[in-house]
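Residue-level structural notes
The residues making up each chain are set out below.
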Amino acid sequence: MKLAFTKMEGAGNDFVVFDATASAFALTAKQIRQLADRHFGVGCDQVLVVEKAMRADADFRYRIFNADGGEVEQCGNGARCFVKFVHAKGLTARREIRVETLGGLIVPRLEDDGEVSVDMGPPSVENLTEELQVEGRTVLLAVLSMGNPHAVQVVADVDTAPVLVQGPRLERHSRFPNRVNAGYLQVRDRHRIALRVWERGAGETLACGTGACAAAVAGILRGLLDSPVAVQARGGTLTVSWAGGDNPVWMKGPARAVFEGEVEI
């Protein structure tokens, strides 16, 4: 069968997006892995699916599949692409929409400057200073959730951080039975950080929206940062704002369509 798709990216985090509002999305994990393959498929970090809402208080349902075929709870950069997609396809005329995900309700909003802001909801902090043994080395982590799990550590230099070696080991550490996104945060000043993230099920990506939110929250709570925080990822800059407590975390950044296509599955 042939499926129409849109290739999109948000700060270099790239997606294949499908409109499943009229017909059910039925790709298997194997087919998603083939689609995400950068040599034999379209290539992407995640596959995003737009569906009709199941909740009365939502406009759409948003599903996220990592490159390994597994469905996950949340994707912040994808959320920005999501609202641009439904707007461009004429699925809604609203600039702000309510979207249900496995990780909860989020509210992305098209801004006048062309970027997208997303109400990611409040963070859930498990432990700000957890020591974990990773292959004989003690790593100090902030463990928290932005609808999906994150383990964030502060490093002196993100360019030399052990993202590619330690990241996959943290992802699959026994401490995290559902796996985890591993973030490496370098403080530049009280309003700027550099960040690299090893994403669960995708490997290192050029940007991670929920990872940016988790890193900013961890830095603010540990007294290293003040809101708003400019998060410099390898694919671009995101702005994260948080007033603390049970207030929602707001993330703002770019999102754009790269090309339209049709793929035979």
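Let us look at the structure shown here. (Residues numbered from 1 in each chain as written. Predicted model: local features only at pLDDT ≥ 70, side-chain atom pairs only at ≥ 80, totals over all residues. Heavy atoms only, no water.)

Let us now look at the pairing of strand S10 (residues 137-145). As judged from the eight bridges shared by strand S9 (residues 124-134) and S10, these two strands associate in the antiparallel manner. Looking at S10, one finds that Ser124 is bridged to Ser145. Here S9 folds back onto S10 in antiparallel fashion, the turn holding two residues, of which Glu135 has a positive phi close to 50°. Relative to strand S11 (residues 149-154), S10 runs antiparallel, the two sharing four bridges. From the neighbouring strand, Val143 faces S11, where its bridge partner is Ala151. If you look at the hairpin formed by S10 and S11, you'll find three residues sitting between the two strands, and Gly147 has a positive phi there, around 95°. (Pairing = 2+ DSSP bridges. Helix = DSSP H or I, 4+ residues; strand = E, 2+ residues; numbered from the N terminus.)

Time to look at the nonpolar core. Side chains of nonpolar character tend, in soluble globular proteins, to be buried together. Within the largest apolar cluster, 51 residues are counted, with the highest numbers of intra-cluster contacts made by Tyr62 and Phe82. When residues in this core are grouped by element, the largest group, seven residues, is from helix H4 (residues 209-221). Filtering out sequence-adjacent residues up to four positions away, Tyr62 remains in contact with Leu48, Val49, Gln74, Cys75, Gly78, Ala79, Phe82, Val99, Glu100, Thr101 and Ile106. Counting residues in hydrophobic clusters, the runner-up holds 17 residues, among them Val139, Val155, Leu170 and Tyr184. (Core = buried A, V, L, I, M, F, W, Y, C linked by side-chain atoms within 4.5 Å. Buried < 20%, exposed > 50% of the residue type's maximum accessible area, 1.4 Å probe, protein only. Contact = heavy atoms within 4.5 Å.)

Another aspect to go through is the environment of Asp226. Mapping Asp226 onto the fold places it in the loop between H4 and strand S15 (229-233). Placed 34 residues apart in sequence, Asp226 and Arg192 show a C-alpha to C-alpha distance of 9.0 Å. Reaching out from Asp226, the side chain makes a polar contact with the side chain of Arg190 at a distance of 2.7 Å. (Polar contact = N/O pair within 3.5 Å; in protein donor to acceptor, adjacent residues only side chain to side chain.)

Position of Arg80 relative to the elements: it lies in helix H2 (residues 76-88). Buried and unpaired, Arg80 has no salt bridge, with Glu9 as the nearest side chain of opposite charge at 6.9 Å. Residues in contact with Arg80, not counting those within four places in the same chain, are Gly10, Ala11, Val116, Val118, Leu238, Met251, Lys252, Gly253, Pro254 and Ala255. (Lys, Arg positive; Asp, Glu negative; His and termini not counted. Salt bridge = Lys/Arg side-chain N within 4 Å of Asp/Glu carboxyl O.)

This next bit is on helix H3 (residues 163-171). Within the sequence span of H3, burial applies to Val163, Gln166, Gly167, Leu170 and Glu171. Along the long axis of H3, the arc covered by the buried residues comes to 140°, so they all point the same way. Those residues of H3 that are exposed and aimed more than 90 degrees away from the buried face are Leu164 and Val165. Elements that come into contact with the buried residues of H3 comprise S9, S10, S11, strand S12 (181-189), strand S13 (192-199) and strand S14 (203-205). (Arc of directions from axis to C-beta.)

Each α-helix turn comprises 3.6 residues. Residues three or four places apart therefore point the same way. For H4, spanning 13 residues, the distance from its first C-alpha to its last is 19 Å, which sits close to the expected 18 Å at 1.5 Å a residue. The element H4 is largely enclosed, with a buried count of eleven among its 13 residues. Along H4, the residues that are buried comprise Gly209, Thr210, Gly211, Ala212, Cys213, Ala214, Ala215, Ala216, Val217, Ala218 and Gly219. Just beyond H4, the residue with positive phi is Gly223, at close to 80°. (Expected span 1.5 Å × (residues − 1).)

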